[in-house]
Amino acid sequence: MSDNDTDDVRTDGSGTGIVSPDDETPAWSERKERTQGLSRLTYEYFERARREDQDLRQQSDYVERDVLAFPAWPHEMMRNIALTSFFVGMILFVSATLPPEMPNPANSSVTPAIILPDWYLYWSFGLLKLGPLNPELSILGGSKLMADRTYGVLANVVVVGFVAIVPFLNKGSARRPVEQPFWAAVGMSGVIFSLTIAALSIKNLVPMDSHLLFDLTFLVPIVSATITYAVLKTMREGYMFDLNRRYYRLRPPK
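Let me sum up the structure you'll find in this document. (Residues numbered from 1 in each chain as written. Predicted model: local features only at pLDDT ≥ 70, side-chain atom pairs only at ≥ 80, totals over all residues. Heavy atoms only, no water.)

### Some details on the environment of arginine 236
Mapped onto the fold, arginine 236 is located in helix α8 (residues 210-250). For the pair arginine 236 and proline 177, spaced 59 residues apart in sequence, the C-alpha separation works out to 9.3 Å. The contacts of arginine 236, once residues within four sequence positions are left out, are Val178, Glu179 and Pro181. (Helix = DSSP H or I, 4+ residues; strand = E, 2+ residues; numbered from the N terminus. Contact = heavy atoms within 4.5 Å.)

### Points about the packing of aromatic side chains
To describe a pair of aromatic rings, you give the distance between the ring centres and the angle between the ring planes. Summed over all chains, the structure comprises five aromatic pairs. With a centroid separation of 5.2 Å and 75° between ring planes, the pair formed by phenylalanine 182 and tryptophan 183 is classed as edge-to-face. These aromatic residues form a ring-pair network of at least three members: Phe193, Phe214 and Phe218. (Phe/Tyr/Trp six-rings, centres within 6.5 Å; stacked < 30°, edge-to-face > 60°.)

### Digging into the side chain of asparagine 156
By secondary structure assignment, the location of asparagine 156 is in helix α6 (residues 148-169). In this structure the side chain of asparagine 156 is engaged in a polar contact, spanning 2.9 Å, whose partner is the backbone oxygen of glycine 152. Setting aside anything within four residues of it in sequence, one finds asparagine 156 in contact with Trp123, Ser124, Leu127 and Leu128. (Polar contact = N/O pair within 3.5 Å; in protein donor to acceptor, adjacent residues only side chain to side chain.)

### With respect to the nonpolar core
Among the nonpolar cores identified, the biggest contains seven residues, and these are Leu127, Leu130, Ala155, Ile197, Leu200, Leu213 and Phe214. Of all the secondary-structure elements, those providing two or more residues to this core are α7 (181-201) and α8. Filtering out sequence-adjacent residues up to four positions away, leucine 127 remains in contact with Gly152, Ala155, Asn156, Val159, Phe193 and Ile197. (Core = buried A, V, L, I, M, F, W, Y, C linked by side-chain atoms within 4.5 Å. Buried < 20%, exposed > 50% of the residue type's maximum accessible area, 1.4 Å probe, protein only.)

### Some details on the layout of surface pockets
Quantified by volume, the largest pocket comes out at close to 610 Å³. Surrounding the largest pocket, 23 residues form its lining, Val159, Phe162, Val163, Gly190 and Phe193 being those nearest its centre. The set of elements that each furnish at least two residues to the lining of the largest pocket consists of α5 (122-127), α6, α7 and α8. At nine residues, α6 tops the list of elements feeding residues into the lining of the largest pocket. Of the residues contributing to the lining of the largest pocket, the split by class is 19 nonpolar, four polar and no charged. (1 Å grid on protein atoms, 1.4 Å probe; cavity = no way out; pocket = protein on both sides within 12 Å on 5 of 7 lines; lining within 4 Å. Points joined across faces, edges and corners; volume = space filled by probe spheres on them. Nonpolar A, V, L, I, M, F, W, Y, C, P; charged D, E, K, R; others polar.)

Written out as structure tokens, the structure reads:
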């Protein structure tokens, strides 16, 4: 290949294209005959990418932009060190000027009036207080099928199991709540339910009637899920229109 032919093919987007013309590349049949397995799949993938890139440059107003970046050392590393030093210094300064107040040591011979777990376990502690939902069966003489504690433990298993199985039920490729309003509503109801069930676990400290708080524990998540679904469903049509418009502006239909 001569120097003039070499100048015709550039990689910066300013030449005829980032790939060589079709008459200088092997045909698909030639690639398939001389490749097998993973190599064959790789050739087919890059061939398809090459064709799509070439069509994109010819049929749209897409303009290739140079991608600029900074090296990890020293630019990125020095920036990260500076930010880390600042926040660590702030933590040390606050801990030195505002030390935490240490109360009196706990008395092991006295039981506290209110026993609560750590705050991030309030939701689980609240599920243990679902005794009013434990049904009384007349076939058992009006007695409950299981103890309230067992019922609360079973409620924890059901909730944790549902949270674990949701990723397997929702296999969509959406990245934004507006693209899948139903699952966004399910997620919102779960977040609200964790807050309301946590409030139920400390009902002795909440200035509200315990029966009303128990009803709101299950009513508020349903209402929030309904509102979330309605709002996102209304926004979805306009959002998908704008998304498709931007996509076809970049890749116009043939």
